[in-house]
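Descriptive structure summary
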There are 2 protein chains.
Amino acid sequence: MIDRIDRRILSILQEDCTVPVAEIGRRVGLSTTPCWRRIQKMEEDGVITGRVALLDPAKVNAKVTAFVAITTNQHTEDWLKKFADVIRDFPEVVEFYRMAGQVDYLLRVTVPDIAAYDAFYKRLIAKIDITDVSTTFAMEQIKYTTELPLSYVVPEKPKAD
Amino acid sequence: MIDRIDRRILSILQEDCTVPVAEIGRRVGLSTTPCWRRIQKMEEDGVITGRVALLDPAKVNAKVTAFVAITTNQHTEDWLKKFADVIRDFPEVVEFYRMAGQVDYLLRVTVPDIAAYDAFYKRLIAKIDITDVSTTFAMEQIKYTTELPLSYVVPEKPKAD
DNA sequence: CGGAATGAGGAATTTTATTCCCTTTGAAAG
DNA sequence: CTTTCAAAGGGAATAAAATTCCTCATTCCG
(Lines give C-alpha, C1' and ligand atoms only; values in the text may rest on other atoms or scores of the structure.)
Protein backbone atom coordinates (compact mmCIF):
# COMPACT_ATOMS: atom_id res chain seq x y z
CA MET A 1 0.00 0.00 0.00
CA ILE A 2 2.64 2.50 1.04
CA ASP A 3 5.93 2.19 -0.76
CA ARG A 4 9.28 3.82 -0.17
CA ILE A 5 8.40 6.93 -2.14
CA ASP A 6 5.17 7.42 -0.20
CA ARG A 7 7.11 7.07 2.98
CA ARG A 8 9.50 9.80 1.97
CA ILE A 9 6.60 12.02 0.99
CA LEU A 10 4.99 11.45 4.38
CA SER A 11 8.23 12.23 6.09
CA ILE A 12 8.41 15.58 4.33
CA LEU A 13 4.77 16.46 5.00
CA GLN A 14 4.95 15.45 8.64
CA GLU A 15 7.71 17.97 9.05
CA ASP A 16 6.32 20.78 6.93
CA CYS A 17 3.20 20.61 4.83
CA THR A 18 3.80 23.94 3.11
CA VAL A 19 6.44 22.48 0.81
CA PRO A 20 5.05 22.73 -2.73
CA VAL A 21 4.18 19.48 -4.45
CA ALA A 22 6.66 20.22 -7.20
CA GLU A 23 9.45 20.51 -4.64
CA ILE A 24 8.39 17.32 -2.88
CA GLY A 25 8.41 15.58 -6.23
CA ARG A 26 11.87 16.86 -6.95
CA ARG A 27 13.13 15.54 -3.61
CA VAL A 28 11.67 12.09 -4.07
CA GLY A 29 12.45 11.85 -7.76
CA LEU A 30 9.00 12.30 -9.24
CA SER A 31 7.38 14.97 -11.35
CA THR A 32 4.58 16.97 -9.76
CA THR A 33 1.64 15.06 -11.20
CA PRO A 34 2.38 11.57 -9.88
CA CYS A 35 3.59 13.07 -6.64
CA TRP A 36 0.37 15.03 -6.29
CA ARG A 37 -1.66 11.90 -7.03
CA ARG A 38 0.16 9.95 -4.34
CA ILE A 39 -0.58 12.64 -1.79
CA GLN A 40 -4.24 12.75 -2.81
CA LYS A 41 -4.50 9.00 -2.49
CA MET A 42 -2.98 9.00 0.96
CA GLU A 43 -5.49 11.62 2.02
CA GLU A 44 -8.37 9.61 0.58
CA ASP A 45 -7.05 6.47 2.24
CA GLY A 46 -6.93 8.28 5.55
CA VAL A 47 -3.19 7.88 5.97
CA ILE A 48 -2.95 11.65 6.10
CA THR A 49 -5.69 12.77 8.46
CA GLY A 50 -5.24 16.50 8.19
CA ARG A 51 -2.98 19.48 8.00
CA VAL A 52 -2.78 21.78 10.95
CA ALA A 53 -0.89 24.79 12.23
CA LEU A 54 1.13 24.27 15.37
CA LEU A 55 1.40 27.06 17.92
CA ASP A 56 4.02 27.99 20.45
CA PRO A 57 2.53 27.00 23.82
CA ALA A 58 4.25 29.87 25.61
CA LYS A 59 2.83 32.41 23.17
CA VAL A 60 -0.73 31.27 23.76
CA ASN A 61 -0.44 31.05 27.49
CA ALA A 62 -0.27 27.27 27.68
CA LYS A 63 2.96 27.06 29.61
CA VAL A 64 2.03 24.36 32.11
CA THR A 65 1.45 20.73 31.24
CA ALA A 66 -0.12 18.47 33.82
CA PHE A 67 -0.52 14.73 33.63
CA VAL A 68 -3.61 13.53 35.39
CA ALA A 69 -3.84 9.89 36.34
CA ILE A 70 -7.38 8.83 37.03
CA THR A 71 -8.55 5.72 38.80
CA THR A 72 -12.19 4.83 39.10
CA ASN A 73 -14.37 2.05 40.35
CA GLN A 74 -16.86 2.64 37.59
CA HIS A 75 -16.27 0.25 34.78
CA THR A 76 -19.47 0.08 32.80
CA GLU A 77 -19.66 0.82 29.11
CA ASP A 78 -22.12 3.63 29.75
CA TRP A 79 -19.99 5.30 32.34
CA LEU A 80 -16.98 5.27 30.06
CA LYS A 81 -18.94 6.78 27.23
CA LYS A 82 -20.24 9.60 29.39
CA PHE A 83 -16.84 10.11 30.97
CA ALA A 84 -15.13 10.25 27.58
CA ASP A 85 -17.65 12.76 26.27
CA VAL A 86 -17.17 15.03 29.25
CA ILE A 87 -13.39 14.90 29.09
CA ARG A 88 -13.28 15.41 25.35
CA ASP A 89 -15.14 18.67 25.71
CA PHE A 90 -12.43 20.26 27.79
CA PRO A 91 -10.12 22.07 25.39
CA GLU A 92 -7.42 21.94 28.07
CA VAL A 93 -7.29 18.18 27.68
CA VAL A 94 -5.11 17.65 24.67
CA GLU A 95 -4.52 13.93 25.14
CA PHE A 96 -6.60 11.26 26.78
CA TYR A 97 -5.75 7.57 27.09
CA ARG A 98 -7.31 4.51 28.57
CA MET A 99 -4.47 2.71 30.27
CA ALA A 100 -3.39 -0.77 31.19
CA GLY A 101 -2.24 -1.28 34.77
CA GLN A 102 -3.00 0.54 37.98
CA VAL A 103 -4.16 3.79 36.47
CA ASP A 104 -7.35 3.64 34.44
CA TYR A 105 -7.04 6.86 32.46
CA LEU A 106 -4.33 9.34 31.75
CA LEU A 107 -4.87 12.92 30.64
CA ARG A 108 -2.45 15.50 29.39
CA VAL A 109 -3.77 18.91 30.30
CA THR A 110 -2.52 22.26 29.10
CA VAL A 111 -3.07 25.39 31.18
CA PRO A 112 -1.34 28.75 31.83
CA ASP A 113 -0.39 28.09 35.45
CA ILE A 114 -1.09 26.07 38.56
CA ALA A 115 -4.02 28.26 39.51
CA ALA A 116 -5.65 27.60 36.19
CA TYR A 117 -4.99 23.91 36.65
CA ASP A 118 -6.77 24.04 39.96
CA ALA A 119 -9.75 25.74 38.37
CA PHE A 120 -9.78 23.11 35.66
CA TYR A 121 -9.57 20.37 38.25
CA LYS A 122 -12.57 21.71 40.12
CA ARG A 123 -14.60 21.88 36.94
CA LEU A 124 -13.55 18.35 36.16
CA ILE A 125 -14.52 16.72 39.42
CA ALA A 126 -17.73 18.70 39.47
CA LYS A 127 -18.74 16.94 36.29
CA ILE A 128 -17.68 13.39 36.89
CA ASP A 129 -17.45 10.90 39.66
CA ILE A 130 -13.85 9.80 39.97
CA THR A 131 -12.44 7.62 42.72
CA ASP A 132 -8.89 8.77 42.62
CA VAL A 133 -7.01 11.51 40.83
CA SER A 134 -3.29 12.06 40.88
CA THR A 135 -1.69 15.02 39.14
CA THR A 136 1.93 15.48 38.15
CA PHE A 137 3.32 18.61 36.54
CA ALA A 138 5.87 18.82 33.79
CA MET A 139 8.67 21.26 34.49
CA GLU A 140 9.92 21.32 30.95
CA GLN A 141 8.88 20.00 27.57
CA ILE A 142 12.11 18.63 26.20
CA LYS A 143 10.64 17.12 23.07
CA TYR A 144 7.27 17.35 21.43
CA THR A 145 6.61 16.25 17.91
CA THR A 146 3.62 15.24 15.85
CA GLU A 147 5.88 13.19 13.59
CA LEU A 148 5.21 9.50 13.91
CA PRO A 149 8.14 7.19 13.26
CA LEU A 150 7.95 5.86 9.73
CA SER A 151 10.61 3.23 10.18
CA TYR A 152 7.93 0.70 11.06
CA VAL A 153 5.96 1.23 7.89
CA VAL A 154 6.55 -1.87 5.81
CA PRO A 155 7.10 -0.69 2.27
CA GLU A 156 5.45 -2.81 -0.35
CA LYS A 157 7.82 -4.73 -2.50
CA PRO A 158 7.68 -3.65 -6.14
CA LYS A 159 7.50 -7.33 -7.03
CA ALA A 160 6.31 -10.42 -5.23
CA ASP A 161 7.20 -14.17 -5.32
CA MET B 1 -0.33 41.47 20.78
CA ILE B 2 -2.97 38.95 19.85
CA ASP B 3 -6.47 40.34 19.55
CA ARG B 4 -9.80 38.61 19.16
CA ILE B 5 -9.52 38.35 15.41
CA ASP B 6 -6.08 36.77 15.63
CA ARG B 7 -7.44 34.30 18.10
CA ARG B 8 -10.18 33.27 15.74
CA ILE B 9 -7.67 32.92 12.92
CA LEU B 10 -5.50 30.71 15.10
CA SER B 11 -8.47 28.63 16.03
CA ILE B 12 -9.22 27.98 12.37
CA LEU B 13 -5.62 27.22 11.46
CA GLN B 14 -5.12 24.93 14.43
CA GLU B 15 -7.95 22.85 13.14
CA ASP B 16 -7.18 22.94 9.44
CA CYS B 17 -4.45 24.96 7.82
CA THR B 18 -5.59 24.26 4.27
CA VAL B 19 -8.45 26.74 4.53
CA PRO B 20 -7.67 29.51 2.00
CA VAL B 21 -6.80 32.90 3.43
CA ALA B 22 -9.73 34.44 1.61
CA GLU B 23 -12.08 32.02 3.35
CA ILE B 24 -10.51 32.65 6.74
CA GLY B 25 -10.90 36.35 6.13
CA ARG B 26 -14.53 35.86 5.26
CA ARG B 27 -15.12 33.92 8.47
CA VAL B 28 -13.47 36.48 10.72
CA GLY B 29 -14.79 39.49 8.85
CA LEU B 30 -11.67 40.67 7.05
CA SER B 31 -10.66 40.83 3.43
CA THR B 32 -7.84 38.58 2.34
CA THR B 33 -4.97 41.05 2.49
CA PRO B 34 -5.22 42.12 6.13
CA CYS B 35 -6.03 38.57 7.09
CA TRP B 36 -2.98 37.33 5.23
CA ARG B 37 -0.83 39.96 6.93
CA ARG B 38 -2.03 38.91 10.36
CA ILE B 39 -1.12 35.31 9.63
CA GLN B 40 2.31 36.35 8.35
CA LYS B 41 2.92 38.39 11.44
CA MET B 42 1.98 35.54 13.74
CA GLU B 43 4.41 33.32 11.87
CA GLU B 44 7.18 35.90 12.14
CA ASP B 45 6.41 36.38 15.81
CA GLY B 46 6.67 32.66 16.36
CA VAL B 47 3.10 32.26 17.53
CA ILE B 48 2.57 29.86 14.65
CA THR B 49 5.55 27.54 14.69
CA GLY B 50 4.75 25.47 11.66
CA ARG B 51 2.26 23.65 9.55
CA VAL B 52 2.35 19.90 9.46
CA ALA B 53 0.46 16.92 8.13
CA LEU B 54 -0.97 14.58 10.72
CA LEU B 55 -1.04 10.85 10.05
CA ASP B 56 -3.28 8.05 11.22
CA PRO B 57 -1.19 6.10 13.74
CA ALA B 58 -2.83 2.81 12.81
CA LYS B 59 -2.03 3.33 9.13
CA VAL B 60 1.65 3.86 9.79
CA ASN B 61 2.00 0.98 12.20
CA ALA B 62 2.17 3.10 15.34
CA LYS B 63 -0.68 1.43 17.15
CA VAL B 64 0.86 1.16 20.60
CA THR B 65 1.57 4.08 22.88
CA ALA B 66 3.73 3.52 25.93
CA PHE B 67 4.39 5.96 28.74
CA VAL B 68 7.82 5.54 30.20
CA ALA B 69 8.50 7.01 33.62
CA ILE B 70 12.19 7.38 34.28
CA THR B 71 13.87 7.95 37.59
CA THR B 72 17.57 8.54 37.87
CA ASN B 73 20.15 9.39 40.48
CA GLN B 74 22.11 11.44 37.98
CA HIS B 75 21.26 15.06 38.31
CA THR B 76 24.11 17.00 36.77
CA GLU B 77 23.64 19.50 33.99
CA ASP B 78 25.93 17.49 31.73
CA TRP B 79 24.12 14.24 32.27
CA LEU B 80 20.77 15.83 31.45
CA LYS B 81 22.12 17.33 28.26
CA LYS B 82 23.52 14.01 27.09
CA PHE B 83 20.39 12.18 28.17
CA ALA B 84 18.14 14.65 26.37
CA ASP B 85 20.21 14.38 23.19
CA VAL B 86 20.02 10.60 23.22
CA ILE B 87 16.30 10.51 23.84
CA ARG B 88 15.54 13.15 21.25
CA ASP B 89 17.17 11.05 18.57
CA PHE B 90 14.71 8.23 18.97
CA PRO B 91 11.89 8.85 16.51
CA GLU B 92 9.69 6.58 18.62
CA VAL B 93 9.80 9.15 21.41
CA VAL B 94 7.19 11.69 20.41
CA GLU B 95 7.01 13.50 23.74
CA PHE B 96 9.55 13.97 26.49
CA TYR B 97 9.06 15.90 29.72
CA ARG B 98 11.08 16.69 32.77
CA MET B 99 8.72 16.22 35.66
CA ALA B 100 8.11 17.49 39.13
CA GLY B 101 7.58 14.86 41.81
CA GLN B 102 8.70 11.27 42.13
CA VAL B 103 9.32 10.60 38.49
CA ASP B 104 12.16 12.56 36.90
CA TYR B 105 11.25 12.16 33.22
CA LEU B 106 8.28 11.02 31.28
CA LEU B 107 8.32 9.79 27.70
CA ARG B 108 5.54 9.02 25.33
CA VAL B 109 6.71 6.35 22.94
CA THR B 110 5.00 5.18 19.78
CA VAL B 111 5.64 1.69 18.42
CA PRO B 112 3.77 -0.99 16.43
CA ASP B 113 3.49 -3.56 19.22
CA ILE B 114 4.85 -4.74 22.54
CA ALA B 115 7.71 -6.58 20.90
CA ALA B 116 8.82 -3.40 19.19
CA TYR B 117 8.56 -1.61 22.49
CA ASP B 118 10.83 -4.18 24.05
CA ALA B 119 13.36 -3.70 21.27
CA PHE B 120 13.15 0.06 21.76
CA TYR B 121 13.59 -0.37 25.50
CA LYS B 122 16.75 -2.43 25.02
CA ARG B 123 18.21 0.17 22.69
CA LEU B 124 17.33 2.84 25.20
CA ILE B 125 18.95 1.31 28.26
CA ALA B 126 21.96 0.33 26.17
CA LYS B 127 22.58 4.00 25.53
CA ILE B 128 21.93 5.59 28.88
CA ASP B 129 22.34 4.86 32.52
CA ILE B 130 18.94 4.99 34.16
CA THR B 131 18.19 3.99 37.72
CA ASP B 132 14.58 3.10 37.34
CA VAL B 133 12.20 2.71 34.44
CA SER B 134 8.52 2.03 34.62
CA THR B 135 6.41 1.51 31.54
CA THR B 136 2.66 1.72 31.17
CA PHE B 137 0.78 1.00 27.99
CA ALA B 138 -2.20 2.84 26.63
CA MET B 139 -5.03 0.58 25.56
CA GLU B 140 -6.84 3.26 23.64
CA GLN B 141 -6.26 6.82 22.53
CA ILE B 142 -9.55 8.47 23.36
CA LYS B 143 -8.48 11.99 22.46
CA TYR B 144 -5.46 13.42 20.77
CA THR B 145 -5.30 16.94 19.49
CA THR B 146 -2.61 19.42 18.59
CA GLU B 147 -5.03 22.27 19.27
CA LEU B 148 -4.01 24.29 22.26
CA PRO B 149 -6.82 25.96 24.19
CA LEU B 150 -7.08 29.59 23.16
CA SER B 151 -9.42 30.60 25.93
CA TYR B 152 -6.43 31.63 28.03
CA VAL B 153 -5.03 33.99 25.43
CA VAL B 154 -5.69 37.46 26.76
CA PRO B 155 -6.88 39.50 23.81
CA GLU B 156 -5.51 42.98 23.61
CA LYS B 157 -8.07 45.64 24.10
CA PRO B 158 -8.54 47.71 20.93
CA LYS B 159 -8.06 50.78 23.11
CA ALA B 160 -6.56 51.38 26.50
CA ASP B 161 -7.38 53.78 29.39
C1' DC C 1 -5.49 72.03 11.01
C1' DG C 2 -1.57 69.19 8.93
C1' DG C 3 0.92 64.87 8.45
C1' DA C 4 2.42 60.27 10.01
C1' DA C 5 1.32 55.88 11.49
C1' DT C 6 -1.86 52.04 11.50
C1' DG C 7 -5.09 49.09 9.56
C1' DA C 8 -7.96 47.84 5.78
C1' DG C 9 -9.19 46.77 1.01
C1' DG C 10 -9.13 46.10 -4.35
C1' DA C 11 -6.77 44.57 -8.08
C1' DA C 12 -2.61 42.92 -10.43
C1' DT C 13 0.93 39.47 -10.31
C1' DT C 14 3.20 35.30 -9.09
C1' DT C 15 3.19 30.88 -7.35
C1' DT C 16 0.89 26.42 -6.61
C1' DA C 17 -2.49 23.12 -7.14
C1' DT C 18 -5.20 20.61 -10.23
C1' DT C 19 -6.69 18.70 -14.52
C1' DC C 20 -6.18 16.69 -19.08
C1' DC C 21 -4.11 13.96 -22.17
C1' DC C 22 -0.34 11.21 -23.68
C1' DT C 23 3.72 7.89 -22.93
C1' DT C 24 6.10 4.08 -20.67
C1' DT C 25 6.44 -0.23 -18.35
C1' DG C 26 5.45 -4.68 -16.99
C1' DA C 27 2.76 -8.62 -16.41
C1' DA C 28 -0.87 -11.75 -18.08
C1' DA C 29 -3.65 -13.74 -21.77
C1' DG C 30 -3.80 -15.54 -26.04
C1' DC D 1 6.50 -14.40 -28.76
C1' DT D 2 2.91 -10.77 -29.64
C1' DT D 3 -1.15 -8.30 -27.88
C1' DT D 4 -3.54 -6.09 -24.40
C1' DC D 5 -4.48 -3.99 -20.35
C1' DA D 6 -3.54 -1.70 -16.11
C1' DA D 7 -0.62 0.94 -13.26
C1' DA D 8 2.65 4.82 -13.04
C1' DG D 9 4.73 8.56 -14.76
C1' DG D 10 5.20 13.00 -17.19
C1' DG D 11 4.32 17.64 -19.88
C1' DA D 12 1.55 21.32 -20.60
C1' DA D 13 -2.73 23.91 -19.92
C1' DT D 14 -5.93 25.69 -16.50
C1' DA D 15 -7.73 27.07 -12.08
C1' DA D 16 -7.06 28.52 -7.56
C1' DA D 17 -4.52 30.59 -4.01
C1' DA D 18 -0.88 33.32 -2.17
C1' DT D 19 1.59 37.47 -2.39
C1' DT D 20 2.53 42.10 -3.73
C1' DC D 21 1.45 46.82 -4.80
C1' DC D 22 -0.99 50.78 -4.45
C1' DT D 23 -4.81 53.47 -2.44
C1' DC D 24 -8.06 54.86 1.09
C1' DA D 25 -9.81 55.72 5.90
C1' DT D 26 -9.00 56.71 10.70
C1' DT D 27 -6.67 58.23 14.58
C1' DC D 28 -3.31 60.47 17.19
C1' DC D 29 -0.04 63.85 18.10
C1' DG D 30 2.38 68.27 17.32
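Residues numbered from 1 in each chain as written. Chains lettered and ligands numbered in written order. Predicted model: local features only at pLDDT ≥ 70, side-chain atom pairs only at ≥ 80, totals over all residues. Heavy atoms only, no water.

This paragraph deals with the UniProt feature "domain: HTH asnC-type" (unreviewed entry) in chain A. Taking the numbering used here, the UniProt-annotated feature "domain: HTH asnC-type" (unreviewed entry) corresponds to residues 2-63 of chain A. Helix makes up 53% of residues 2-63 of chain A and strand 13%, whereas the separation of the span's terminal C-alpha atoms amounts to 38 Å. (UniProt positions renumbered as here; feature names shortened; annotations may be inferred. Helix = DSSP H or I, 4+ residues; strand = E, 2+ residues; numbered from the N terminus.)

Turning our attention to the pattern of salt bridges. Tallying each qualifying case throughout the model produces 28 salt bridges over all chains. The salt bridge partner of Glu23 of chain A is Arg26 of chain A, with a shortest N-O separation of 3.0 Å. Pair noted here: Glu23 of chain A and Arg26 of chain A are both in helix α2 (residues 21-28), with a separation of three residues, about one helical turn. Judged by its relative accessible area of 23%, Glu23 of chain A falls in the partly exposed class. What makes Arg26 of chain A exposed here is its relative accessible area of 57%. The closest approach of N and O atoms between Arg108 of chain B and Glu95 of chain B, which form a salt bridge, is 2.7 Å. Note that Arg108 of chain B is positioned in strand β4 (residues 105-111) and Glu95 of chain B in strand β3 (residues 93-99), a separation of 13 residues in sequence. Given a relative accessible area of 1%, Glu95 of chain B falls into the buried group. Within the structure, one salt-bridge network assembled from shared partners comprises Glu95 and Arg108 of chain A together with Glu95 and Arg108 of chain B. (Salt bridge = Lys/Arg side-chain N within 4 Å of Asp/Glu carboxyl O. Buried < 20%, exposed > 50% of the residue type's maximum accessible area, 1.4 Å probe, protein only.)

Residues and elements named next belong to chain B. Listed in full, the buried residues belonging to helix α2 (residues 21-28) are Ile24, Gly25 and Val28. Projection of α2 onto a plane perpendicular to its axis shows the buried side chains occupying an angular sector of 100°, all on one side. Where α2 is buried, its residues contact α1 (4-15) and α3 (32-44). Once α2 finishes, Gly29 follows within two positions and takes phi at roughly 80°, a positive value. (Arc of directions from axis to C-beta. Contact = heavy atoms within 4.5 Å.)

Within the secondary structure layout, Gln14 of chain A lies in helix α1 (residues 4-15). Residue class for Gln14 of chain A comes out buried when judged on its relative accessible area of 2%. The contact partners of Gln14 of chain A, leaving out residues within four places of it in the chain, are Thr146, Glu147, Leu148 and Leu150 of chain A together with Val52, Ala53 and Leu55 of chain B.

The subject of this paragraph is the pairing of β3 of chain B. With six of seven residues buried, β3 of chain B lies mostly within the body of the structure. In this sheet, β3 of chain B lies alongside strand β5 (residues 132-144) of chain A in antiparallel orientation, the contact comprising five bridges. Counterpart to Gln141 of chain A in the pairing with β3 of chain B is Tyr97 of chain B. Here β3 of chain B runs beside β4 of chain B; their pairing, made up of five bridges, is antiparallel. (Pairing = 2+ DSSP bridges.)

Take Glu92 of chain A: it is sitting in the loop between α4 (77-88) and β3 (93-99). In this view, Glu92 of chain A contacts Arg108, Val109, Thr110, Val111, Phe120 and Arg123 of chain A together with Pro149 and Tyr152 of chain B; residues no more than four positions away in its chain are not counted.

Let's shift gears to the environment of Val64 of chain A. Following the sequence through the fold, Val64 of chain A ends up in strand β2 (residues 64-71). Sequence spacing of Val64 of chain A and Asp113 of chain A is 49 residues, and the spatial spacing of their C-alpha atoms is 5.6 Å.

The next subject is the protein's contact with DNA strand D. Near DNA strand D the following residues occur: Leu30, Ser31, Thr33, Pro34, Arg37 and Arg38 of chain A together with Pro20, Val21, Thr33, Trp36 and Gln40 of chain B. Close to the protein, within 4 Å, the atoms of DNA strand D belong to sugar or phosphate groups at a rate of 59%. Contact distances for DNA strand D include 2.8 Å between a base nitrogen and a side-chain N or O atom of Arg37 of chain A. Taking Val21 of chain B, its main chain carries an N or O atom lying 2.9 Å from a phosphate oxygen of DNA strand D. Mapped by element, the contributors of at least two residues to the surface near DNA strand D are α3 (32-44) of chain A together with α3 of chain B. It is α3 of chain A that contributes the most residues to the surface near DNA strand D, four residues altogether. Along the lines of polarity and charge, the residues of the surface near DNA strand D split into five nonpolar, four polar and two charged. (Near = heavy atom within 4 Å. Polar contact = N/O pair within 3.5 Å; in protein donor to acceptor, adjacent residues only side chain to side chain. Nonpolar A, V, L, I, M, F, W, Y, C, P; charged D, E, K, R; others polar.)

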